[in-house]
Amino acid sequence: MSDQAIVEKIKAKFSSEVLDVVEFRGETTVTVKKEQIVDICTFMRDDLGYNLLCDLCSVDYMGQSPRYMVVYNMYNITTKQRFRIKAPVGEDEKIDTVSTVWGTANWLEREVWDLMGIEFNNHPDQRRIMLPADWEGHPLRKDYPVQGPDREPYQGRLS
Amino acid sequence: MAANNTETMTINMGPQHPSTHGVLQLILELDGEIVQKATPHIGFLHRGIEKLSEHRTYHQVIPLTDRMDYLAPMSNNLGYVLAVEKLLGITDEIPERAERVRVIMAELTRLKSHLVWLACHALDIGAMTVFLYCFREREHITDIYEKVSGARMTSNYFRVGGLSDDLPDGLEQQIREFAESMPAHIEEYEGLLTGNKIWQKRTIGVGVISAEDAVDIGLTGPSLRGSGVDWDLRRDNPYSGYEDYDFDVPVLNDCDTFARYKVRLDEMRQSSRIILQALDKLKPGPILADCPKVVLPPKQDVVNTIEGLIHHFKIITEGFKPEPGEVFQSVEAPKGELGYYLVSDGSAHPYRMRVRPPSFVNLQALPQMVEGKLLADVVAVIGTLDIVLGEIDR
């Protein structure tokens, strides 16, 4: 099934949820609203065969609203195809966990929470994973200085 | 047996423990010798590579990738440069010789990584000799690394658009001799282990994970193929010209540590096959793509001509600016699927560089593979998952 056909199927089932469809370098990215992300991911797994969640990560688009984007890179082991779904999450907002859909998401979501500070509703074990439990701040945020927590935010290269 | 016991004992395994392959800490809750609960703690080696990458040019990220899975640096390099090339849209421009050399080095890397895996896995379980045998062969690969890149571990050999340098004279023959000798060495390891009763007792039926559970938890690479899922990115989503080579993907259905051991040994045989085929197909030619806006000029131009020097200087100081967009590229690293997710905002630095580390996801399967089993199996399972903490913590 082509990516186009998959997009059509998602649109047919979740017409009001799809915000944007982008194709770049042969990869299709569908941006959806975060409210029904669990249903969409379940649909991707059960009806479209995307049984492996390759990666779950987040991007901080500081200055835009909503600020964060949670990115789901999934793979269909039968047809050997990839697909990417993204869901925007605003500051101080939460998104539902997909660890009920793919077990992989458990640690990947913990990492997103630890380094980017996006909280997941109903997550079974939301603790920091990389940093110590008493760490303050979330280093992958764009306003977190690369030099360390007590420094001025990075201003870009001076040269 | 344990029916009368009401008390459990909590023990701390690691982070400084020889069998945890680095700085992994496991909190084990034991009922006698039975593990009731295992909680991995990671992050002791976290260096913030993803954060650092956002403040480097695209080329400056390549040496950072060496330091993730330090047992397989060239695979990390390969995944990253392929992702940048995809982002730039120059995937089809890579010269044939560069692709062949990349395949040779990636497969040598697989051998190198699997040799360390076998050595340490066997040592953990109590087979000392195999360790010495494996490191004997690994030394040859390290020598080859040193000749092509100047470094024995952190190679930093691949460049966006090709390679940093061509193979030195005589190295092709050295690689060929090594690849031809490898199957006999693998026989030696098998002779020490496969029929060994102790090895069998410690691995058969240990660390069992079904295919459904393995896919659900996201296992990839040899760990998944030991559970009977026939999926190899080199064959199914080929990159760097892997479609030109004839090789088998070993798959076993036993789902246990012994099956994963057999799968990896077979993979080593296949790697030697691929290396020999690539050497046969290797022809003289350019090693860098003809894309002057993004690709560094050949080194002899840099040292001999002023134009080359200026060209080199511009790309090194300013970097290049891919158009805004995002790509996900993954390669079959020795440990599983190594993916890079790059987001460009049109500047000379990656807006986001996310690594999908195979070891991180594979380690997540550890608790369900050891809970309810013997304490001694924990060591076998850590070995069979083939984790590297540099990659897990990044």
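All figures in this text were calculated on a predicted structure; none of them were measured in a lab. (Residues numbered from 1 in each chain as written. Chains lettered and ligands numbered in written order. Predicted model: local features only at pLDDT ≥ 70, side-chain atom pairs only at ≥ 80, totals over all residues.)

## Here we look at the overall build of chain B
Our working definition: The secondary structure listing takes helices from DSSP runs of H or I that are at least 4 residues long and strands from runs of E that are at least 2 residues long, numbered from the N terminus. Here the globule rule reads 2.2 Å times residues to the power 0.38, and the radius of gyration is calculated from C-alpha atoms. Counting other C-beta atoms within 10 Å of its own, a residue is labelled buried from 20 upward, exposed at 12 or fewer, and partly exposed in the gap between, with every C-beta atom placed from the backbone. Residues are treated as contacting if the C-beta atoms built from their backbones sit within 7 Å of each other.
The number of helices and strands found in chain B is 17 helices and 8 strands. Over its C-alpha atoms chain B spans a radius of gyration of 22 Å, differing by no more than 12% from the 21 Å that the globule rule assigns to 394 residues. Taken over the C-alpha atoms alone, chain B extends approximately 80 × 45 × 35 Å along its principal axes. Per-residue burial over chain B gives 51% buried out of 394 residues. Restricting the contact set of chain B to residue pairs at least 6 apart, pairs at least 24 apart contribute 70%.

## Some words on the interface of chain A and chain B
For clarity, the cut-off: As a working rule, the residues Ala, Val, Leu, Ile, Met, Phe, Trp, Tyr, Cys and Pro are called nonpolar, Asp, Glu, Lys and Arg charged, and the rest polar, with Gly in that last group.
On the chain B side, the residues contacting the 29 residues of chain A number 34 residues. Contributing elements (two or more residues each) for the side of chain A that touches chain B: β2 (27-32), β3 (52-60), β4 (68-76), β5 (81-89) and α3 (105-116) of chain A. Per-element tally for the side of chain A that touches chain B: the top contributor is β3(A), with 6 residues. For the side of chain A that touches chain B, the per-class residue count stands at 17 nonpolar, 6 polar and 6 charged.

## Side note on the confidence of the model for chain A
Rule in force here: A score between 0 and 100, pLDDT records how confident the predictor is in each residue.
Residues with a pLDDT of 70 or more make up 95% of chain A, whose mean pLDDT is 87. Of all secondary-structure elements in chain A, the lowest mean pLDDT belongs to helix α1 (residues 3-13) of chain A, at 85, while β4(A) reaches the highest, 92.

## Description of the domain arrangement of chain B
Residues and elements named next belong to chain B. Operational definition: The domain boundaries here were taken from an automatic or database domain assignment.
Split into domains, chain B comes out as domain 1 (9-41) and domain 2 (49-393). Tallying the contact residues gives 16 residues for domain 1 and 17 residues for domain 2. Residue assignment for the side of domain 1 that touches domain 2 shows that the elements contributing at least two residues are β2 (25-31) and β3 (34-41). Here the side of domain 1 that touches domain 2 gets 6 residues from one element, more than from any other, and that element is β3.

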